[in-house]
Amino acid sequence: MSKQITPYKESTLGKKEQVTQMFDNISGEYDGLNRVISLGIDMKWRQKVIALVKAQNPKNALDIATGTGDLAIMMAEATAAEKIIGLDLSVGMLDVGKKKVLQKNLADKIEMVVGDSENIPYPDNYFDAITVSFGIRNFETLEKGLAEIYRVLKPGGLFVILETSVPTKFPFKQGYAFHTKVILPLVGKLFSKDNSAYGYLSESASHFPFGEALNNILRKVSFMDCKAMPQTFGVATIYTATKK
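Residues numbered from 1 in each chain as written. Predicted model: local features only at pLDDT ≥ 70, side-chain atom pairs only at ≥ 80, totals over all residues. Heavy atoms only, no water.

Engineer: Any chance you could break down the sheet that holds strand β5 (residues 153-164) for me, citing the residues and the numbers?
Structural biologist: Within a beta sheet, neighbouring strands are joined by backbone hydrogen bonds and run either parallel or antiparallel to one another. One open sheet accounts for seven strands, arranged β3-β2-β1-β4-β5-β7-β6; its pairing is mixed. Each edge of the sheet is formed by a strand with only one pairing partner; in this case those strands are β3 (110-114) and β6 (224-231). Shown here is a sheet whose adjacent strand axes are inclined to one another by a mean of 15°, direction ignored. Bridge analysis of strand β4 (residues 127-133) against β5 gives six bridges, and the strand direction is parallel. From the neighbouring strand, V132 faces β5, where its bridge partner is I161. (Pairing = 2+ DSSP bridges. Helix = DSSP H or I, 4+ residues; strand = E, 2+ residues; numbered from the N terminus. Axes fitted to C-alpha atoms, helices over the stretch in contact; angles between N-to-C directions.)

What follows is the structure, given as structure tokens:
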């Protein structure tokens, strides 16, 4: 990615610090706004990710950029995994997630951990499955983060990414551009105390490599069997990869 997109254009902080600050700022409203902006379709995409993980029958799993823990909670409810780690830089998002975990009586299965995707606090070959949903484009150094994920994944383990992508066919391409450039920042401005956040989320989505471009980066890091599965006319893509 030639241009690094950051939330706060005037800030002197690095991308990692800016993204952490942004998610701390919007943590209280994030879940509700997410459902509004995606029209709830994001939950269907997440269910597909969970089905892929369930087929792997993992004993332990890591959800990176877990945010408020939606995917980790779904994983705990749908799979036989004994331990799920939800990792995130944002304490604000994790605090919201911890409340949700307690409400669902899943504290024995899910542990919410403050941590960095580029310096994962677990040993080599540790996790049976690793997921990232709508978080990979927030990595400060994409290849470094992916190399860390590769390191902590067990041989034969599954890595699943869910990320926004850009539709390439008419009229979805034009509709997506309108939604991300006009609707998403407008909804953010109306309902969020952080005007920059939703502008960043749309801008970072439009500049992030997707499809075969992202698969090639995964292969460069040594992942195998890299597949891209576009969802809902290509507005999001599910990627799967394994470690040999």
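Engineer: An account of the pattern of salt bridges is needed here, citing residue identities and associated values.
Structural biologist: Scanning all chains against the criterion turns up 15 salt bridges. For D70, the salt bridge is made with K100, and the minimal N-O distance between the two is 2.7 Å. With D70 in helix α4 (residues 70-78) and K100 in helix α5 (residues 91-103), this pair connects stretches of sequence that are 30 residues apart. Taking relative accessible area as the criterion, D70 reaches 13% and is therefore assigned buried. On the accessibility criterion, K100 (15% relative accessible area) is buried. A salt bridge links D124 to R151; the shortest N-O distance between them is 2.7 Å. With D124 in the loop between β3 and β4 and R151 in helix α6 (residues 142-152), the pair connects residues that are 27 residues apart, well separated along the chain. For D124, a relative accessible area of 48% translates into the label partly exposed. (Salt bridge = Lys/Arg side-chain N within 4 Å of Asp/Glu carboxyl O. Buried < 20%, exposed > 50% of the residue type's maximum accessible area, 1.4 Å probe, protein only.)

Engineer: Provide a residue-level description of empty space enclosed by the protein, including the pertinent values.
Structural biologist: In total, this model carries one cavity of 30 Å³ or more according to the counting rule given. By volume, the largest cavity amounts to about 400 Å³. Around the largest cavity sit 32 residues that line it, and A65, T66, D88, G135 and N138 are the ones nearest its centre. At the level of elements, α1 (15-26), α2 (30-38), β1 (60-64), α4 and β2 (83-88) are the ones that each hand at least two residues to the lining of the largest cavity. Looking at the lining of the largest cavity, the element that brings in the most residues is α1, giving four residues. Classifying every residue of the lining of the largest cavity gives eleven nonpolar, twelve polar and nine charged. (1 Å grid on protein atoms, 1.4 Å probe; cavity = no way out; pocket = protein on both sides within 12 Å on 5 of 7 lines; lining within 4 Å. Points joined across faces, edges and corners; volume = space filled by probe spheres on them. Nonpolar A, V, L, I, M, F, W, Y, C, P; charged D, E, K, R; others polar.)

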